[in-house]
Every structure is written in C-alpha cells, then in structure tokens.
Amino acid sequence: MEQERTAADRESTAADREGSIADQGITVAALGPQALPAVVDLCRRALDLPEDAAEAAALVETLHSRAAADRTVLGLGAYRGAELVGVLIASLAAHEPGSGHVDLVAVAPQARRRGVGRALLGRAERALAERGATEVLLAGNPPYYAWPGIDVRYTPAVCAALALGYAQDRTAWNMTADLSYDESPALRGTEAAERRLADGGVTVRRAEPADLPALTAFARVTFGGSWDAELAGSVGRPAAGAHLAERDGRIVGFAAWGSSRPSWFGPMGTAPEAAGGGIGGVLLRRCLRDQRDAGMRSAQIGWVGPVPFYSGSAGARIERVFFLYRKVLPTARTGRESE
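Residues numbered from 1 in each chain as written. Predicted model: local features only at pLDDT ≥ 70, side-chain atom pairs only at ≥ 80, totals over all residues. Heavy atoms only, no water.

Before going further, it helps to examine helix α7 (residues 191-199). All buried positions along α7 are accounted for by Ala-193, Glu-194 and Leu-197. Projected down its long axis, α7 carries its buried residues within an arc of 100 degrees, all on one side. The outward face of α7, more than 90 degrees from its buried face, is lined by the exposed residues Arg-195, Arg-196 and Asp-199. Elements that come into contact with the buried residues of α7 comprise β8 (202-206) and α10 (279-293). Phi for Gly-201, located one or two positions after α7, is positive at around 90 degrees. (Buried < 20%, exposed > 50% of the residue type's maximum accessible area, 1.4 Å probe, protein only. Helix = DSSP H or I, 4+ residues; strand = E, 2+ residues; numbered from the N terminus. Arc of directions from axis to C-beta. Contact = heavy atoms within 4.5 Å.)

It is worth spelling out the environment of Leu-324 at this point. When you line up the elements, Leu-324 lands in strand β13 (residues 317-328). By relative accessible area, Leu-324 is classed as buried at 1%. Excluding anything up to four places from it in sequence, Leu-324 contacts Leu-138, Ala-139, Pro-148, Gly-149, Ala-167, Gln-168, Asp-169, Arg-170, Thr-171, Ala-172 and Trp-303.

As a packed pair, α10 and helix α11 (residues 307-314) sit with axes 10 Å apart at the nearest point and diverge in direction by 65 degrees. Where α10 crosses over α11, the handedness of that crossing is right-handed. Residues Gly-280, Gly-281, Leu-284, Arg-285 and Leu-288 of α10 form the contact with α11, whose participating residues are Phe-309, Tyr-310, Ser-313 and Ala-314. Among the residues making up the contact of α10 with α11, the classes are represented as five nonpolar, three polar and one charged. (Axes fitted to C-alpha atoms, helices over the stretch in contact; angles between N-to-C directions. Left-handed = near helix turned anticlockwise from the far one by under 90°. Nonpolar A, V, L, I, M, F, W, Y, C, P; charged D, E, K, R; others polar.)

The description of two aromatic rings rests on the distance between their centres and on the angle between their planes. What the rule picks out here adds up to ten aromatic pairs. A ring pair is formed by Tyr-145 and Trp-264, whose centres lie 6.3 Å apart and whose planes are at 75 degrees; its orientation type is edge-to-face. With Tyr-145 in the loop between β5 (135-138) and β6 (150-151) and Trp-264 in strand β11 (residues 264-270), this residue pair connects regions lying 119 residues apart in the sequence. Residue classification places Tyr-145 among the buried residues on the basis of a relative accessible area of 9%. Taken together, a centroid distance of 5.2 Å and an interplanar angle of 70 degrees make the contact between Tyr-145 and Trp-303 edge-to-face. With a gap of 158 residues between them, Tyr-145 in the loop between β5 and β6 and Trp-303 in the loop between β12 (298-301) and α11 connect regions that are remote in the sequence. By way of ring pairs, the aromatic residues Phe-218, Phe-223, Trp-227 and Phe-254 are connected into one cluster. (Phe/Tyr/Trp six-rings, centres within 6.5 Å; stacked < 30°, edge-to-face > 60°.)

Quick look at the nonpolar core now. The biggest cluster of nonpolar side chains holds 60 residues, and the ones touching the most others in it are Cys-43, Leu-47, Leu-88, Val-116, Leu-138 and Tyr-166. Look past the residues within four positions of Leu-88 in its chain and what remains in contact with it is Leu-31, Leu-74, Gly-75, Leu-76, Val-102, Leu-104, Val-105, Leu-120, Leu-121 and Ala-124. Residues Ala-186, Ala-219, Val-252 and Phe-265 belong to the second largest nonpolar core, which totals 42 residues. (Core = buried A, V, L, I, M, F, W, Y, C linked by side-chain atoms within 4.5 Å.)

Glancing now at the pattern of salt bridges. What the rule picks out here adds up to 20 salt bridges. Residue Glu-125 pairs with Lys-327 through a salt bridge whose shortest N-O separation is 3.1 Å. Placement of Glu-125 in helix α5 (residues 116-130) and of Lys-327 in strand β13 is noted, with a sequence separation of 202 residues between them. Relative accessible area serves as the criterion here: at 9%, Glu-125 is assigned to the buried category. The residue Asp-151 makes a salt bridge to Arg-153 at a minimum N-O spacing of 3.2 Å. Taken together, the shared-partner salt bridges in this structure form one network comprising Glu-51, Asp-52, Glu-55, Asp-151, Arg-153, Arg-261 and Arg-320. (Salt bridge = Lys/Arg side-chain N within 4 Å of Asp/Glu carboxyl O.)

See below:
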C-alpha cells in the first residue's frame, strides 16, 4: 500500500504541475509537423549557449524528423494561446523499448520559472510509460542525439532534474578542436602521414555512398552500438561526411562528422589490428578540415573516450561537461519493490 500511495502521489504531483500552468493560461499539447518551424524559432531563442542556438534547425530535424524513421518520437509543446513557449522532444530507445529518453527541453525566456519545463517533463513521463517505458533518461539516445546529457552550464535544467527525482548516474564530456586559424594543431597536414601509411599498404580516401554497406558492416561487427547508423547519417548528407582507411580493399578504419549536428565530429574507429599506426590521426584531421571548409570555426568531439588521443592528434581540449540522469518510473518502481 505504501508503494501504491507513493506512485499515486507522484501522479497527483504531475497533474498539479499542469494545473499550475493552466492557471497561467498555458496548455500542453502534442506537436505536429506543422509546428516544427515554431519549434526551431523557440530553440534559437531559448537555448542559452550560442553553439546550440546556432544549430537549432539541425537539432530539431535530427531529434524529431530524422529520428522518427527508426524509433518512437514524442513531441510536446506548451502554448499560451497560439504562442509556443515551451517544447519537449522525447523518444524510446530503438533496441531498449523500456528506456525512454528526453532529448530536448526548451522554454522561452519570458516563460521560465513558472513550471513550464516541469509540466512538460511530467506529461512526457506519463506518455513514455503508456508506450512501455519503465525508466526515463535525461541522456542522449544514439544515433540521433544532440547532447550526451545536460550541459552543466544549463544550471536551471540540472536543478529541475534533481527536483523531479532524477538521479545522476554518469558524467560525459566533449572536447573542442579549434578550427579558427590556419596553424591550429587540428588542421595540421596529413600528406606525409598518408605517404607513410601508403608505404605500409594502407590507403585513405573520402567515403562515398557506395561505401556505406561495407562501412556500416565494419562498424557493426567491430564496435557494435549505434555507430553503423551514425555513419549512415554522415555519408552523402549535406553538412556531413566521412573518410575511411583500407588495406587490400578491406576497411580498417573510419571517421565521420555531422551525423547529428554539423559542428560535431564522430564517430571514429580503427580495427584493433591496425591501431597505433597513425590511421586515426589522419582520419580525424581530414574530417576536421572538411568542417573548417564548411565554415566552422570549431568542432565538438562528442561523448569523448580517449582524451589523450584527441589532445595529441588535434590539440583538442575538454570543454563541455554533461550530467546524465535516470529515473525509474513510479509503476516500474512499485512493481520491483513489491516483488
């Protein structure tokens, strides 16, 4: 009974949050495709970090339109009359249907501190539970994601997550490669290194759409995860691309950029038997030069693992830090506790 009261109390609290914003003339409704231009406009105004606001259109396309091709996507808007003042995009993990993800929350500056974000999160939790989710993560849902989690500089979002019962379970970080000047370590030439690789039987070239079947198979078999799908989102798309390394016609490495966001680099991987030969550094800087040629003054190396490699190969530095949060939904928690 105690567990049931706790779950009911949480449901009541979520309803109270929506009631609170209703008293202010704000309602929550599902987002349709016709609302996406307004969503982009809101994100340009509501994402406080300039690097995020500048890519608002790409973020919305990735999280809402492109992601819907392979997973359940939920869009919610908070409206004051006809004006969109808050937005949330959530999704179910394609291969883990019990995991729901909140991919984006943005609230217009003039509507903050009025419970809009909390009301959107409460509605999203209920909607995800109705679709089979037993937990909600405030964390990226690859292959279509905009951030690993909540950037710590979005402090109000961190506070809201904690207030709503989310527990931090991981920390992630991005590294920044400076593309703003010709002498940047990130833009060092690769010609000499490519000649050395060629002497060892390894050739490096730009990936083309015809390479995708072999590339995705290599990524899937060698590394698993979602890198095959991220490669599919990089090769042949505008403001995106990839390079690969081959030995005897067989792929031994790849690097990609722009899969989710034009300014983001990744994923990249080198076959274990070819590691340590300089392939990764060449592929990395080839992609970074592409990003520079596309007009970018910096590149984000997202959700970084090997910090020393990116520091040495491109002079990259750790810059963005993200907290990832998780919350077991009340019905799931009750079921587990009562077993």
